[in-house]
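# Per-entry structural report
Here are the chains, one letter per residue:
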Amino acid sequence: MADSTVVLRPPLIDGHKTFAQVTSDVCRGMEGKPTPLWWASFLTAFAVLMVGAAAVGYLVTTGIGTWGANRTVGWAFDITNFVFWIGIGHAGTLISAVLYLLRQRWRTSVNRAAEAMTLFAVMCAGLFPVIHLGRPWMAYWIFPYPNTRGPLWVNFRSPLVWDAFAISTYFTISLVFWYVGLIPDLATVRDRAKEGLKKKLSGLFSLGWNGSTRTWSRYEVVYLLLAGLATPLVLSVHTIVSWDFATSVIPGWHTTIFPPYFVAGAIFSGLAMVLTLMLVARKTMRLEEYITIRHVEVMCKLIIATSGMVGLAYATEFVTALYSGNPYEQFAFLNRAFGPWGWAYGIMVSCNVVIPQLLWSKRIRTNIAIVFVISIFVNIGMWFERFVIIVTSLHRDYLPSSWADYRPTPIEIAILAGTFGLFFTCFLLFCRFLPVIAMAEVKGVLNEGREPAHGHGHAQAAGKRAGLPARSSAMEGARG
Amino acid sequence: MDEKETKRYWKSLDERKPDHAFPQDEFREEFGVPAMQLDRRGFLKAAGFTAAVAAIAGCSRAPVQKAIPYLIQPEELVAGKSYYYATTCAACSAGCGVLVKTRDGRPVKLEGNPQHPVSRGGLCAVGQASLLGLYDSQRLTGPLSGGKPASWEEADGAILSRLTEIRAKGGAVRFLSGTVTSPALRAQLGQFLGQFKDARHVMYDALSSSAILDAQEQTHGVRALPHYDFSKAEVLASFDADFLGAWIAPVEFAAGYRAGRAAEATPPRFSSHAQIESRMSLTGTKADRRMLVAPGEMGLALSHLAARIARLSGAVFDGAGMAASPVPEKVLEELAARLWSARGRSLVVSGSQEVAAQVLVNFINQQLGNYGATVDLEKPSSQKMGSDRALGALLGELKAGKVAALFLHGVNPVYELPHGAALAEALKRVPLLVNLSERVDETSGLAHFICPDRHFLESWNDAEATAGVVSLSQPAIHPLGNTRAALESLAAWSGKPQAAYEILRASWRERIFPRQKKAAAFDAFWDQSVHDGFAEVGARAEKSKPFRKEAVRAVINADVPASGMFALNLYPKVSMREGRHAHNPWLQELPDPVSKVAWDNYACVAPGAAARLGLSEGDVVRLEANASAVELPVLVQPGQQEGTIAVALGYGRQGTERFVQVGPKWLFGKKTGGADGRVGKNAAPLLRFSGGQLQYAGQEVRLTRLEQKSPLACTQSHHTLTMPKSLPIVGNERREIVRETTLSALLNSRKAAGEKGVAAPAAVLDLWPKDHPTPNHQWGMAIDLTACTGCSACVVACQAENNIPVVGKDEVLRHREMHWMRIDRYYSGEGEDEVSVVHQPMLCQQCANAPCETVCPVLATVHSDEGLNQQVYNRCIGTRYCANNCPYKTRRFNWFDYVREDHLANLALNPDVTVRSRGIMEKCTFCVQRIQEGKSEAKRQGAALVDGDVQTACQQSCPSQAIVFGDLNDAQSRVSKAMKNSRNYRVLGEFNFRPSIGYLVVARNRAEGGEDKGNG
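### Observations concerning the overall build of chain A
Check the secondary structure of chain A and you find 17 helices and zero strands. A globule of 480 residues ought to have a C-alpha radius of gyration of about 23 Å, and chain A, at 24 Å, matches this closely. In terms of overall dimensions, chain A has a C-alpha envelope of 80 × 55 × 45 Å along the principal axes. For chain A, with 480 residues in total, the buried portion stands at 52%. Counting only contacts in chain A whose residues sit at least 6 apart along the sequence, the fraction spanning at least 24 positions is 84%.

### Looking at the overall build of chain B
Across its full length, chain B carries 28 helices and 43 strands. Whereas a compact globule of 1016 residues would reach a radius of gyration of roughly 31 Å, chain B reaches 31 Å, a difference of no more than 12%. Across its three principal axes, chain B shows a C-alpha extent of roughly 115 × 75 × 65 Å. In chain B, buried positions account for 56% of the 1016 residues. The long-range share in chain B, meaning contacts at least 24 apart out of those at least 6 apart in sequence, stands at 73%.

### Some words on the packing of helix H10 (residues 298-313) of chain B against helix H11 (residues 329-341) of chain B
Helix-helix packing is characterised by the crossing angle of the two axes and by the distance between the axes. Residue and element names in this part refer to chain B. Two elements in contact, H10 and H11, have axes whose closest approach is 9 Å; the angle formed by their N-to-C orientations is 50°. When the axis of H10 is compared with that of H11, the two are oblique. In this structure, the crossing between H10 and H11 has a hand that is right-handed. Residues His304, Leu305, Arg308, Ile309 and Leu312 of H10 form the contact with H11, whose own contacting residues are Leu332, Glu333, Leu335, Ala336, Leu339 and Trp340. Here the residues of the contact of H10 with H11 sort into eight nonpolar, one polar and two charged.

### Here we look at H10(B)
All names here are of chain B. Here H10 spans 22 Å end to end across 16 residues, near enough to the 22 Å set by a 1.5 Å rise per residue. Of all 16 residues that make up H10, twelve are buried, and the element is covered over most of its length. Buried within H10 we find Met298, Gly299, Leu300, Ala301, Leu302, Ser303, His304, Leu305, Ala306, Arg308, Ile309 and Ala310. Backbone geometry just downstream of H10 places Gly314 in the positive-phi region, at approximately 80°.

### Description of the environment of B:Asp388
All names here are of chain B. Tracing the backbone shows Asp388 in helix H13 (residues 388-400). Residues Asp388 and Met203, 185 residues apart in the sequence, show an inter-C-alpha distance of 8.2 Å. In contact with Asp388, other than residues within four places in its own chain, are Tyr204, Ser208, Ser210, Gly692, Gln693 and Leu694.

### Observations concerning the sheet that holds strand E17 (residues 432-435) of chain B
Residues and elements named next belong to chain B. Strand order in the open sheet formed by seven strands is E5-E4-E18-E17-E16-E6-E7, and the pairing between neighbours is mixed. A single partner strand is all that each edge strand has here, and the edge strands are strand E5 (148-149) and strand E7 (198-203). In the sheet, strand E16 (residues 403-409) pairs with E17 via four bridges, with the strands oriented parallel. Of the residues in E17, the one forming a bridge with Phe407 is Val434.

### A look at the nonpolar core
Ranked by internal contacts, the top residues of the largest apolar core, which has 449 residues, are A:Val274, B:Ala125, B:Ala603, B:Leu623 and B:Ile645. It is helix H8 (residues 258-284) of chain A that provides the largest number of residues to this core, a total of 17 residues. The residues contacting A:Val274, other than those within four sequence positions of it, are A:Ala91, A:Ile95, A:Val110, A:Ala114, A:Met117 and A:Met299.

### Re the sheet that holds strand E24 (residues 603-605) of chain B
Taken in spatial order, the six strands of this closed barrel run E22-E27-E24-E26-E25-E30 (chain B), and their pairing is mixed. If you compare each strand with its neighbour and ignore which way they point, the axes differ by 45° on average.

### Section: the interface of chain A and chain B
On the chain B side, the residues contacting the 50 residues of chain A number 52 residues. Elements that contribute at least two residues to the side of chain A that touches chain B include exactly helix H2 (36-62), helix H5 (159-192) and helix H10 (327-338) of chain A. Per-element accounting of the side of chain A that touches chain B gives the leading share, six residues, to H10(A). Its residues assigned to classes, the side of chain A that touches chain B shows 27 nonpolar, 18 polar and five charged.

### Observations concerning the environment of A:Trp209
Relative to the helices and strands, A:Trp209 resides in the loop between helix H6 (197-205) and helix H7 (213-246). A C-alpha to C-alpha distance of 46 Å links A:Trp209 and A:Cys351, two positions 142 residues apart in sequence.

### Quick word on the confidence of the model for chain A
Confidence in the prediction of chain A, expressed as mean pLDDT, is 86, and 91% of residues score 70 or more. No element of chain A has a lower mean pLDDT than helix H17 (residues 472-479) of chain A, at 36, and none a higher one than helix H11 (residues 342-354) of chain A, at 95.

### Details of the packing of helix H9 (residues 293-324) of chain A against H11(A)
All names here are of chain A. For the pair H9 and H11, interaxial distance at closest approach is 8 Å and the crossing angle is 140°. Taken as axis vectors, H9 and H11 run oblique relative to one another. Contacts between H9 and H11 involve Ser307, Val310, Gly311 and Tyr314 from the first element and Val349, Asn352 and Val353 from the second. Residues belonging to the contact of H9 with H11 are distributed by class as follows: four nonpolar, three polar and no charged.

### Describing the confidence of the model for chain B
Residues and elements named next belong to chain B. Predicted confidence across chain B gives a mean pLDDT of 89, with 94% of residues reaching 70 or more. Residue range residues 25-29 is modelled with pLDDT below 50. Its contacts to residues more than four positions away, or to other chains, number four contacts. The model gives residues 1010-1016 a pLDDT under 50, and that stretch makes 18 contacts with residues more than four places away or in other chains. As a predicted assembly, this complex carries a pTM of 0.89 together with an ipTM value of 0.89.

Quick notes on the rules
Residues numbered from 1 in each chain as written. Chains lettered and ligands numbered in written order. Predicted model: local features only at pLDDT ≥ 70, side-chain atom pairs only at ≥ 80, totals over all residues. Helix = DSSP H or I, 4+ residues; strand = E, 2+ residues; numbered from the N terminus. Rg over C-alpha atoms; globule rule 2.2 N^0.38 Å. Buried ≥ 20, exposed ≤ 12 C-beta atoms within 10 Å, placed from the backbone. Contact = placed C-beta atoms within 7 Å. Axes fitted to C-alpha atoms, helices over the stretch in contact; angles between N-to-C directions. Parallel < 35°, antiparallel > 145°, perpendicular 65-115°, else oblique. Left-handed = near helix turned anticlockwise from the far one by under 90°. Nonpolar A, V, L, I, M, F, W, Y, C, P; charged D, E, K, R; others polar. Expected span 1.5 Å × (residues − 1). Pairing = 2+ DSSP bridges. Core = buried A, V, L, I, M, F, W, Y, C linked by C-beta atoms within 7 Å. pLDDT = per-residue confidence, 0-100.

Structural data, given as structure tokens:
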């Protein structure tokens, strides 16, 4: 037994956790009363959400004129926020599906939160295509459904229709994927809960999970299939979102580099957001042993990689514009960097390309505080990237007579803030009512049973009760 | 039943044929739905549902609305059909002919009358907007006595009893009015004033040309405004006369100017136009050569020109002691030579109010033999008849308290004249003050009685704007209030109350009918004249005396302001003129064609002076002159003379407080209007009486900077086609949106092409099949940028035709003006003095490869089989994607539900055009309602649509006929021919959006590669 306990890699979870400890650590946040910190955060987020909701209410009753958009800049904060939130949503799928397929077992401690974040981000994003409409009550017209209005149909050539499909598909798949992953944990919750609503609900949603080998085997297959199904979406959703711009004729929008550029940017921003949330959750929910410094480092490395891709895209755009010989295109890019919104472009480049380079240093990468700050910078930078693409391309397009500036109104700012309120309200509710860490999966990457026995018999019993078999095949793959 | 056994009965021979089939599903094609087929169960279901719905619907209490049909349908009046009546525009004294389009008894649009000899089919922005003036809720609905509503009997009784007293005492009665072009009204006035011993009719024009009339009197012995014929002028020099903008009769002059600049005529006729001015006028923007001269130097410049012309003609001209010419000698020499070479075919005009300067103009025109050719004094114009001397005399009388009764008509002297406050005090002392104003304004507010005149669309009237052309006005609607025509009021006060119609008819029988020979019977003549809207009759020959040389005296010195001071130039804007129409929101929202600023007046400062004083746009400055001060925001105006400050008149009117709330009301919306709630500031206190004339230009003004900002609602934030200097794009600094050429280059290229034969345009290779076939019509438009003066008549015409809302200053500041048609204005040229301006009307280009169409997710914008890019309002959900993707940025979004609270103003809405609601996109439709009307009319008559049957509103209104619209499928149509013109190009053509609008290159009569280098 002694030889078999040689560990080739440092463990993914610190603190020599037993199965029972994992369960109790993760469930701690859901059981007992919420902490004052949770209440404070929740009330703040909820208040901000309410401000945003009031702003949306005012917008819907009064008109898009309550925004700063104008005849030249028809989209500004609305679509910026939309693309920003969709981008945030990407990391969830990447971590849960792509990394799952790639057998990156470190994902287990972050995937649940990342997937939840995806859902909430897509919810925030999905708000904008609806409320940015002049007549949002007609939003359903964007779907091709049989109707009694004669031969009225949607325009399948319009990227906005593609968007509607892409986003609804993405949301559905993400939701299903997240839910399926939750089932074993919900069963744990069910088993731990005393009689009451919580027991009933978790019982209902755990679909009668019994922890049998057969259940596990089917679960694994479904999860794998869903991961396979979700993976193309990581590429497709933002590709389609980028077509909103790429298929147009506006200089600065009309560019073939957009699909990969947007996907890289989306993953980049999503990772940054996951990192931000992870660092907060780890601190406030005392999950340092699950979300370890190694997790942070891996995420930082991914951020460096995607930051490089984004930087390459920025440079390529300029070279393409220069090489194109198209004066409008050339102007659009010069104007983007040196025009009236040059400062926004400066924020974008420094936050997205320059600042992430600090992460090459291991000392910085392992300094939680600095990483946190950098991740915030990346979030800001990526918001500005979308803003720069949308507003600076529109505000000075073909005819100089129509050039116009743009200034957001307090309503727009309140709506942007409100989406953050929505996001954090949902996230805090999620932390409170659902297991933030995929217990079942984490248990699979523990060294339980492979380490010298320290008298963990009781823990093993607890683990079994939670319905955890030795998911040996997957685990061995990860170790190989 | 077996069919073979059935005996067939037939009702017609067609039916008898064995293969006859009844038309089934007659409407399938039209509605795309199969005819309803019902089985028994389906019928019962539907019947049950209907009964249930009827029962539910019956439970609600709907408001009862009574629609009363015509009990007896008036003959020749079909509800929903447009009728046109000829009448005469009275928005200014120019007397343009208009056709009033009425629908169901209310005027909904004014169109130029193409037959009218004065205006020739055009109508300016002010004329177009005067329709809305009819439905102005601020207009008085009845007489006021002491500020309180009274009946006409009460008012007349009181006025007559006071007049009887005055007559008995022999008190002075004065009638102060603007130019009265109506012979009938003049006669009626004569009759009225004839009752008194000391009575006088005093005319003055708020935009006075009195100096021209006085100068004519000095040189030719006739006090009249000569009739200028710009179409015959081959060489044209204008000294500060904005004849294409707001000077005397801009529609008439623009039409003439356009006729004189036809590059395509054989042989080409293209006048050479020099503009010598101190500010950037609309006319200056079209000039081939433009010289900047301070207002005080205008007389000196004219003297130098007169001296040169005199030298060429051999006439005596005493130019001894003249200061150096403000215009470079070489330029002046060349101008004199050009004018001399085109003797009898040239024209010199001046907007100066210095009699001496106008005498010099007369001298020059006399020497050039232009009298009788381009300057007609035999058949003079009566568009301006005011006399500033007479006005000055009256003001003196008023001050001395010598006037017993003062009647005012069509003027607002307290507002329009300098020292308005003092005048108001003097007016308060007049024992009987009667005003015929249609509203309570600065002057009429003081009146004892306001006896409101009717709007010209409600009344019978006439006008003889130029001798020999007498226009008629006929009512197009029943008067909206209990108002009374001035003719009737005067008749009542003359003791012979009579209807305006009777007065007018009698006047025509007496005065106009005898002057013509064509018609023998008066009734036939009258009917024809009412139908046409005008009658051409013989002019009473004005006997002008031979030229009096003694009157000519050189202006030897320039009137230069002291150092640190500026010379003021008070000018009328194209939209606002003297301020008479300040209550009209269409005109307030119309961007000035040069500055592109709406909803304000401002102090135009030359860029050099602004840089020197550290002023930038929106800085508030105080202007002090004549012991009066006005605080205005600054506008830095390229092409303005360094020492000049130009300020528009006509702003700051009482009554414009109504516009404070004109825009949408929302949380962060700001109000339109200044601190006092009025739009702009009144600059009239800065006017000056000098030399017996009202002086608009030349007074010394002190400029002080105040530490305030007042943003200007400018619809264009970048003013050139050159890219900002901070973004160096080597080789592509200028965008080829507007192309310019010179006349000589054009003629050379045409000659070269003529030798080789015109090369067929290269076939455009297209990857895609033509997926939008246009089998019947393909509508297209050609806009001649050489002809376009930027006058913006089309913008207001479009607004009136298409129910475009007014959004207010705050929304314009937020770049959300709603005009479907705009005039883009670009400056070009290096250096201060070499500023060149081009105007480009921009509207939806109806692209064949429309970028807007592909991106709309709900197919709310689609292509018609007539080449139109259609916007389906009720399908639009408002993504604004189409507007973003429009390269021409011609789409307009309904950001709010725009205010339509003024129900009276809503009567001006065109019933053929949807009023758009919040959240949807709109844009130019090529006036699709007019296309449909034209097509159905042609169908009704069983004839094919002929080129010219359908005219868009913009095209119809254009005084210089710069816009041609028609069917591109018809090779013979004017638009097809214009598209083949060598000057034709498409804006952004290289992107293959395939716009349906072709622009014809701006041509100027300049030396090739000369002054216009850098302009493209």
